[in-house]
Amino acid sequence: AKHVVEPLLEDTNRIMEHRGRMETAFKRLPADQRAELLAVADEERDKHQSDQNGVVVYTVGDLYDAAKAIKPVFDAKMRALAAPLGLREVAAIAPNTTPSPALVLPDLKPMARAADKAMGDYGGANSDGGPPVSRVLDVVRACFILPNPAALLRLIELVRAHPDLLIVRLKNRFITPTATG
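Keep in mind that what you see is a predicted model, and the values were worked out from it rather than measured.

### Focus on helix α3 (residues 60-82)
Part 1: Remark: the principal bend of α3, roughly 45°, maps to I70, with a proline, P72, within the next four residues.
Part 2: Regarding α3, the residues found buried are L63, Y64, A66, A67, K71, D75, M78, L81 and A82.
Part 3: On its buried face, α3 sits against β3 (102-104), α4 (111-122), β4 (143-145) and α5 (149-161).

So, in structure tokens, the structure goes:
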């Protein structure tokens, strides 16, 4: 058990150190920028995933067909957002490290995980009437690792100004932090 617990504790310590650095950087921001970041509320638009023809997906297969079709376009748009922030693209974040500012464009979410998420998070009583699989919006995804809260604010501005992008789910972790940040 020691070989499992020690790396977990090391990861947790690294996460907490990083969170502390981010909180310090946040406090150093000018008051108007802190207020703007705090004003970005947790929100989730009532959104369903559709295919390239605008038809709501009903099966995991439909979801992945749509995801495979859009991934190259999505990745290009994320690279365009990363460029003015000076972010380099990396394939993945090395375990047990504190990552440097970067853009990560991972592979599609594993199909089994998307199916589990559809039923666990959006099926049954949680369903809004649409097919649960259509609520899974993160099969194609990107990760922006930013150096400070000011860069996060700039990224949000870039996304909002982009004519082809719409924020459909936003979780403000300055207001509702998790153990990982």
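What follows continues from the structure just given.
### Observations regarding the packing of α3 against α4
Part 1: Running from N to C, α3 and α4 cross one another at 125°; their axes reach a closest spacing of 11 Å. The orientation of α3 with respect to α4, classified from their angle, is oblique. In terms of crossing hand, the pair formed by α3 and α4 is right-handed. Of the residues in α4, those touching α3 at V60, L63 and Y64 are M111, A114 and A115.
Part 2: In terms of residue class, the contact of α3 with α4 is built from 6 nonpolar, no polar and no charged.

### Notes on the nonpolar core
A general tendency of soluble globular proteins is for nonpolar side chains to be buried together.
Part 1: Formed by 13 residues in total, the largest nonpolar core has its most connected members in M78, L81, L103, L146, L155 and V159.
Part 2: Counting residues per element, the ones that place at least two in this core are α3 and α5.
Part 3: Considering every element that reaches this core, the biggest residue donor is α5, with 4 residues.
Part 4: Beyond its immediate stretch of four places on either side in the chain, L146 contacts L85, L87, P101, A151, L152 and L155.

### Let's talk about α4
Part 1: Between its first and last C-alpha, α4 extends 16 Å over 12 residues, near the 16 Å set by a 1.5 Å rise per residue.
Part 2: Within the span of α4, buried status applies to A114, K117, A118 and Y122. Projected down its long axis, α4 shows its buried positions confined to an angular sector of 100°, all on one face. Across from the buried face of α4, at angles greater than 90 degrees, the exposed residues are A112, D116, M119 and G120.

Here is what the cut-offs are and how they apply
The residue numbers shown here count from 1 along each chain, following its written sequence. Per-residue local features of the predicted model are confined to residues with pLDDT of at least 70, and side-chain atom pairs are confined, for both listing and counting, to 80 or more; whole-chain, interface and lining totals are unaffected and use all residues. Side-chain metrics rest on all non-hydrogen atoms present in the structure, leaving aside hydrogens and water. Axes are fitted to the seven residues ending at a residue and to the seven starting at it; the angle between these axes is taken as the bend at that residue. What counts as a helix is a DSSP run of H or I of at least four residues, what counts as a strand is a run of E of at least two, and both are numbered from the N terminus. Burial classes follow relative accessibility: with a 1.4 Å probe on protein chains only, a residue under 20% of its type's maximum area counts as buried, one over 50% as exposed, and anything between as partly exposed. The contact definition used throughout considers only heavy atoms, calling two residues in contact when any of these lie within 4.5 Å. Whenever a helix is involved, its axis is fitted only over the stretch in contact; in every case the axis is a line through C-alpha atoms, and angles between N-to-C directions fall within 0 to 180 degrees. An angle counts as roughly parallel when it lies under 35 degrees, as roughly antiparallel when it exceeds 145, as roughly perpendicular when it falls between 65 and 115, and as oblique in every other case. A crossing counts as left-handed when the near helix is turned anticlockwise from the far one by less than a right angle, and as right-handed when that turn is clockwise. Each residue gets one of three labels, nonpolar for Ala, Val, Leu, Ile, Met, Phe, Trp, Tyr, Cys and Pro, charged for Asp, Glu, Lys and Arg, and polar for the others, Gly among them. What is meant by a nonpolar core is a set of buried Ala, Val, Leu, Ile, Met, Phe, Trp, Tyr and Cys residues, joined one to another through side-chain atoms within 4.5 Å. Here, expected helix span is obtained from the residue count minus one, scaled by 1.5 Å. Here the arc refers to the directions that run from the helix axis out to each C-beta atom.

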